[in-house]
Amino acid sequence: MSSSNKLSNQHNNSKFQIEIGKFITYNQDEFAELVTFIDFAEKFTLGFIEINFPPDIDLLIAGLRQEPQCQEIQFVVLDFPEKNLRFLRDELVQQLANITKETNKKLVLLIRNLEKSIGVFGDYPPVLQDLNFVRDSYRQTVPHPLLFILPDYAISRLAKFAPDFWAWKSGLFRFKTTELTRDKAIANTLNADTDIERLPTPKQQERIDLLHSLLMEYNPTGEIPSLEHLRNCCNILNELGKAYLSQRKPIQAREYLEKACEIIKNFPDYSLQIEVINQLGKSYQQQRQFESANSYHQQALDIAKKQKNHRAVADSLHYLGNVSLSMPQFHQARDYYQQALEIKIEFGDRYSCASTYHNLGVVAQELRQFHQARDYYQQALEITIEFGDRYSCATTYHQLGYVAQELREYHQARDYYQQALEINIEFGDRYSCASTYHQLGMVAQELREYHQARDYYQQALEIFIEFGDRYSCATTYHNLGIVAEELREYHQARDYYQQALEIKIEFGNRYSCAKTYATLGLLAKAEENYAEARANLQTALEIYVEYQDEYMATVVREILESLPE
């Protein structure tokens, strides 16, 4: 080892020793009680240690091992990070068999990371159910003092869902978080500059875990947050809501956002209130409950106008445009986006204009004004490059690919999609990769590379299913049907179309159903089942007329007229 490495290790060790000393001093009484408990504990004895942050757990374990009163104790840390763990006792027995017991020392087991399998939501986590079922066998199979180290919320859930096991506890030790640990957590969450949507999934989860730990600091289970902590508590709830939305978990997100909405009534912070209400709107939009989404964004808009908060007005108009775009009410969406853009330009918020130019591009694209759409996308791309926002470029490259595809510039489209995919992979944005894989599938399909297309669609479908995005699966099932049809696998094609149609009906997307009815009609036509073809095409036509899509209505009419009588 080089001398510089030795000096660095000595410095780090010295710093760690100082932190251990501070942690123990800050929790002096609790630490002393825990040491006494461990000293007297014999055979199977159950204790719980409440610590909210993992760095403090490291300090506690190191402190126990250095404690003079514990020199006859053999501490063994058993780690259980598996999210789907169910049979803890079996795992303990298995790991105990591999422990080499030190002579003349008492074995004490420290259990950590069990909160991963206990979870934050839902009733009766399997691991807690099992604790109750096998409680009595612990005395014989785990005959050692057992200390569970868990955060506040996990201990509360254990007490609630494993009451029989909890009843056997002989000690509960609540350790306070040091200021240094809390400040680090705030710096990594509330004060972090990075948007959580841009973090890779594991980093997102790390931030969510930190936010949950911080929430326990400012809003311990079963307690009402103090007046001085209301603002911090509200910020954490809002950030948790945003974090769960980034993982496309709108119901979990809303659980926190609704609490934030209640708390914020107790102090004047209209900017935060507008943000929370808009996040609630987004949660409903993710569930395709557009009326509720509209209602929340409109509430946010009204408050923003009353407060003369121009940026918030522009943001709320942009979100209302997003909802209209999803409905799909393209002219209404364009109107909202234009209003938002005017405000952003007036107040010199050039960076924010990029997202609105981008969405105006989406509207133009939906209205089949592809050259106009390309122009908007180019303006958005120019701004995001100017501001060094490489991540946002991916979405715009993706849409430019879509426009090139519609203009039958397939090789150009593939190039744009590949650029988008490369950036999304670079940023670990697996979810966004799915739609790009889907579009690459469409390009391959247009170029008659059907096996390549199927491969891309399968990759997209796998990700949509992984993220629980059932709605997006519909489009991919639809296109897998087209590929199967092209390969003359008609039964497979029909199966895919039916799966797509079922999802579209489930989500009430009548306009999109038209496309699948039309393809089912074309499939029946290919099989010379003209009665079925006519019925499906007629249904598609009725929907296109209902939505005033004259272009598609004309296409379907021509197909209907071409059918034999």
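Residues numbered from 1 in each chain as written. Predicted model: local features only at pLDDT ≥ 70, side-chain atom pairs only at ≥ 80, totals over all residues. Heavy atoms only, no water.

Novice: Explain unusual backbone geometry here, please?
Specialist: Residues other than glycine predominantly adopt negative phi, and peptide bonds predominantly adopt the trans conformation. The omega torsion across M327 and P328 is -15°, close enough to zero to call that bond cis. Summarising the element assignment, P328 is placed in the loop between helix 16 (310-326) and helix 17 (330-346). Even without being glycine, N113 reaches a positive phi, approximately 70°. In this structure, N113 sits in the loop between strand 3 (106-112) and helix 5 (115-118). (Helix = DSSP H or I, 4+ residues; strand = E, 2+ residues; numbered from the N terminus.)

Novice: Help me understand the side chain of N27, please; the structure alone is not making it clear to me.
Specialist: Following the sequence through the fold, N27 ends up in the loop between helix 1 (3-26) and helix 2 (28-40). Residue N27 is classed as buried on the basis of its relative accessible area of 3%. In contact with N27, not counting residues within four places along its chain, are F175 and K176. (Buried < 20%, exposed > 50% of the residue type's maximum accessible area, 1.4 Å probe, protein only. Contact = heavy atoms within 4.5 Å.)

Novice: Explain the packing of aromatic side chains to me, please; I cannot follow it from the model alone.
Specialist: Two measures describe an aromatic ring pair: the distance that separates the ring centres and the angle between the ring planes. Applying the stated criterion across every chain yields a total of 24 aromatic pairs. Both rings, one in F148 and one in F165, keep their centres 5.8 Å apart while their planes meet at 80°; by these two values the pair is edge-to-face. Of this pair, F148 sits in strand 4 (residues 145-150) while F165 is found in helix 9 (residues 163-166), placing the two residues 17 residues apart along the sequence. F165 carries the same exposure label as F148, and that label is buried. Chaining the aromatic ring pairs together yields one cluster made of F44, F48, Y138, F148, F165, W166 and W168. Taking the ring centre of W168 as reference, the NZ or CZ of R139 above it sits at 4.3 Å. For K176, the ring lying beneath its charged end belongs to Y26, and the centroid distance is 4.8 Å. (Phe/Tyr/Trp six-rings, centres within 6.5 Å; stacked < 30°, edge-to-face > 60°. Lys NZ or Arg CZ within 6 Å of the ring centre and 35° of its normal.)

Novice: Hey, could you run me through the sheet that holds strand 1 (residues 45-50) in this one?
Specialist: Note: strands within a sheet are paired through backbone hydrogen bonds, in either parallel or antiparallel orientation. Read across the open sheet, the five strands follow the order 2-3-4-1-5; overall the sheet is parallel. Only two strands of the sheet have a single neighbouring strand rather than two, namely strand 2 (73-79) and strand 5 (169-174). On average, adjacent strands in this sheet sit at an angle of 20° to one another, irrespective of strand direction. Helix 2 rests against strand 1, strand 2, strand 3, strand 4 and strand 5 of the sheet, and its axis sits at about 155° to strand 5. Together, strand 1, strand 2, strand 3 and strand 4 form the strand contacts of helix 3 (residues 54-66), whose direction differs from that of strand 3 by roughly 175°. (Pairing = 2+ DSSP bridges. Axes fitted to C-alpha atoms, helices over the stretch in contact; angles between N-to-C directions.)

Novice: Could you clarify how one ought to interpret the UniProt feature "coiled-coil region" (unreviewed entry) in the chain in this entry?
Specialist: Sequence positions flagged by UniProt for "coiled-coil region" (unreviewed entry) are, in local numbering, residues 523-550. For residues 523-550, the helix share is 79%, the strand share is 0%, and the end-to-end C-alpha distance is 23 Å. (UniProt positions renumbered as here; feature names shortened; annotations may be inferred.)

Novice: Whenever I open this one, the side chain of K106 confuses me. Can you help?
Specialist: As for its placement among the helices and strands, K106 is situated in strand 3. Residue K106 is classed as buried on the basis of its relative accessible area of 16%. What K106 contacts, discounting residues up to four positions off in sequence, is I38, D39, F40, A41, E42, E72, I73 and Q74.

Novice: Help me understand the nonpolar core, please; the structure alone is not making it clear to me.
Specialist: Soluble globular proteins: nonpolar side chains tend toward being buried together. Of all hydrophobic cores here, the largest spans 82 residues; its most connected members are L88, L114, L146, F148 and L158. Broken down by element, the residue count for this core peaks at nine residues, all from helix 12 (residues 230-246). In this view, L146 contacts F44, T45, L46, G47, L92, L109, I111 and Y138; residues no more than four positions away in its chain are not counted. (Core = buried A, V, L, I, M, F, W, Y, C linked by side-chain atoms within 4.5 Å.)

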